[in-house]
Amino acid sequence: MNLFEKEALVQQKAVELENATAEEILAYAVEAFPNITFACSFGAEDVVLVDMLQKISPTTDIFYLDTDFHFKETYETRDRMVERYPGIPFVRVQPEITPEEQVEQFGPELWKSDANQCCNIRKVQPLTNILTKYNAWITGIRRDQAPTRANAKKVEYDTKFGLIKFNPIAGWTTEDVWNYIRENDVIYNPLHDNYYPSIGCEYCTRQVMPGEDPRAGRWSGQEKTECGLHK
Ligand code: SF4
């Protein structure tokens, strides 16, 4: 399928699937694109999608970006997910350089001096590398998470990485996510219960108090609002 055909298919499918359920979108995605993967951060949205995927297509590849800088609670959530879903390998994707090598090459606390460079090394490049193996990917982004995500389609052509992108819960609210977690007894990161609605690396995530924007705790004090994984 050439680029023109892909973009035409994506536009048609985005219209057709706009009112489909998340499960219907996932079922279509894994059937139409067997060479698909899901990028899991172990945040609330992503544990929902893991739960759905293991019911719909338990052999679909799932990976996570291990920046080496996650909260211990995030790693513990990963370990609990591995126990809950023993058939899912949860492929660990790592940066090309260790934290020590990063300090040697760029100095200490790069997340303070140049967060974009740090995210590029520890998230964007590893993601770029793994996505070259696939022709479609699934993410847990939602439109109401941030203005930068407000126009996300449930199916779109990802021009940044050159593959088709499915956002099955793009239209969900926070309440929808937590209803699913409760109704299906899904494992989740306990930091969510401690004023962390959005969880990234430990160095770049702070608690968010009631009334604040849910993503106010990410790169707080900087203009940066996204790590560069989603346009
Ligand atoms: S979120 Fe912060 S620590 Fe993590 S990769 Fe980006 S800048 Fe670095």
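Everything below is about the structure shown above.
Residues numbered from 1 in each chain as written. Predicted model: local features only at pLDDT ≥ 70, side-chain atom pairs only at ≥ 80, totals over all residues. Heavy atoms only, no water.

### Let's talk about the site of the ligand
Here's step 1: Near the ligand, the surroundings consist of F69, W111, A115, C118, C119, R122, K123, C201, C204 and W219.
Here's step 2: It is helix α7 (residues 115–131) that provides the largest number of residues to the shell around the ligand, a total of 5 residues.
Here's step 3: For the shell around the ligand, the per-class residue count stands at 8 nonpolar, no polar and 2 charged. (Near = heavy atom within 4 Å. Helix = DSSP H or I, 4+ residues; strand = E, 2+ residues; numbered from the N terminus. Nonpolar A, V, L, I, M, F, W, Y, C, P; charged D, E, K, R; others polar.)

### Re the environment of P86
Here's step 1: Mapping P86 onto the fold places it in the loop between α4 (72–84) and β3 (91–93).
Here's step 2: Sequence separation of P86 and A39 is 47 residues, and the distance between their C-alpha atoms is 18 Å.

### So, the packing of aromatic side chains
Here's step 1: A full pass over the atoms with the stated rule returns 11 aromatic pairs.
Here's step 2: Ring centres 5.1 Å apart and planes at 65° place the aromatic pair F69 and Y203 in the edge-to-face group. Here the residue F69 occupies a position in the loop between β2 (61–65) and α4, and Y203 occupies one in the segment after α8 (174–183), the gap between them amounting to 134 residues.
Here's step 3: On the basis of relative accessible area, Y203 is assigned to the partly exposed category, the value being 47%.
Here's step 4: On the basis of an interplanar angle of 90° and a centroid distance of 4.9 Å, the ring pair of W178 and Y188 is categorised as edge-to-face. (Phe/Tyr/Trp six-rings, centres within 6.5 Å; stacked < 30°, edge-to-face > 60°. Buried < 20%, exposed > 50% of the residue type's maximum accessible area, 1.4 Å probe, protein only.)

### Some details on the packing of helix α2 (residues 22–32) against helix α3 (residues 44–56)
Here's step 1: Between α2 and α3, the shortest axis-to-axis distance is 10 Å and the interhelical angle comes to 55°. Taken together, α2 and α3 sit at an angle that is classed as oblique. Crossing of α2 over α3 shows right-handed handedness. Across the interface between the two elements, A22, E23, L26, A27 and V30 from α2 touch L49, M52, L53 and I56 from α3.
Here's step 2: Class assignment for the residues of the contact of α2 with α3 results in 8 nonpolar, no polar and 1 charged. (Axes fitted to C-alpha atoms, helices over the stretch in contact; angles between N-to-C directions. Parallel < 35°, antiparallel > 145°, perpendicular 65-115°, else oblique. Left-handed = near helix turned anticlockwise from the far one by under 90°. Contact = heavy atoms within 4.5 Å.)

### Here we look at the pattern of salt bridges
Here's step 1: In this structure the tally under the stated criterion is 12 salt bridges.
Here's step 2: Ionic pairing is found between R122 and D68, a salt bridge with its closest N-O pair at 2.6 Å. Highlighted residues: R122 in helix α7 and D68 in the loop between β2 and α4, separated in sequence by 54 residues.
Here's step 3: Relative accessible area serves as the criterion here: at 2%, R122 is assigned to the buried category.
Here's step 4: When the shortest N-O distance is used, the salt bridge between D144 and R142 registers 2.4 Å. (Salt bridge = Lys/Arg side-chain N within 4 Å of Asp/Glu carboxyl O.)

### Some thoughts on the nonpolar core
Here's step 1: Of all hydrophobic cores here, the largest spans 41 residues; its most connected members are V50, F90 and F166.
Here's step 2: Considering each element in turn, this core owes the most residues, 7 residues, to α3.
Here's step 3: With 25 residues, the next largest nonpolar core counts F69, A115, Y134 and C204 among its residues. (Core = buried A, V, L, I, M, F, W, Y, C linked by side-chain atoms within 4.5 Å.)

### Notes on the pairing of strand β5 (residues 155–158)
Here's step 1: Residue alternation in β5 divides its side chains into two sets, V155 and Y157 and E156 and D158, and both sets are buried.
Here's step 2: Here 4 bridges tie β5 to strand β6 (residues 163–166), and the two strands are oriented antiparallel to one another. Bridged to Y157 within β6 is I164.
Here's step 3: Here β5 hands over to β6 after 4 residues, with G162 in that stretch at a positive phi of 75°. (Pairing = 2+ DSSP bridges.)

### Re the packing of helix α5 (residues 99–106) against α7
The axes of two packed helices give the description: the angle between them and the distance between them.
Here's step 1: α7 packs onto α5 with a crossing angle of 140° between their chain directions and a minimal axis gap of 12 Å. The two elements α5 and α7 meet at a crossing, and its hand is right-handed. Along the contact surface, α5 presents P99, Q102 and F106, while α7 presents Q117, C118, I121 and R122.
Here's step 2: Tallied by class, residues from the contact of α5 with α7 come to 4 nonpolar, 2 polar and 1 charged.

### Focus: the environment of R143
Here's step 1: By secondary structure assignment, the location of R143 is in the loop between β4 (136–138) and β5.
Here's step 2: For R143, a relative accessible area of 22% translates into the label partly exposed.
Here's step 3: Separated by 10 residues in sequence, R143 and K153 place their C-alpha atoms 8.5 Å apart.
Here's step 4: In this view, R143 contacts E18, R149, A150, A152, K153, K154, A170 and G171; residues no more than four positions away in its chain are not counted.
Here's step 5: Polar contacts involving the side chain of R143 include one to the side chain of E18, which spans 3.0 Å.
Here's step 6: A distance of 2.6 Å separates a polar side-chain atom of R143 from the backbone oxygen of A152. (Polar contact = N/O pair within 3.5 Å; in protein donor to acceptor, adjacent residues only side chain to side chain.)

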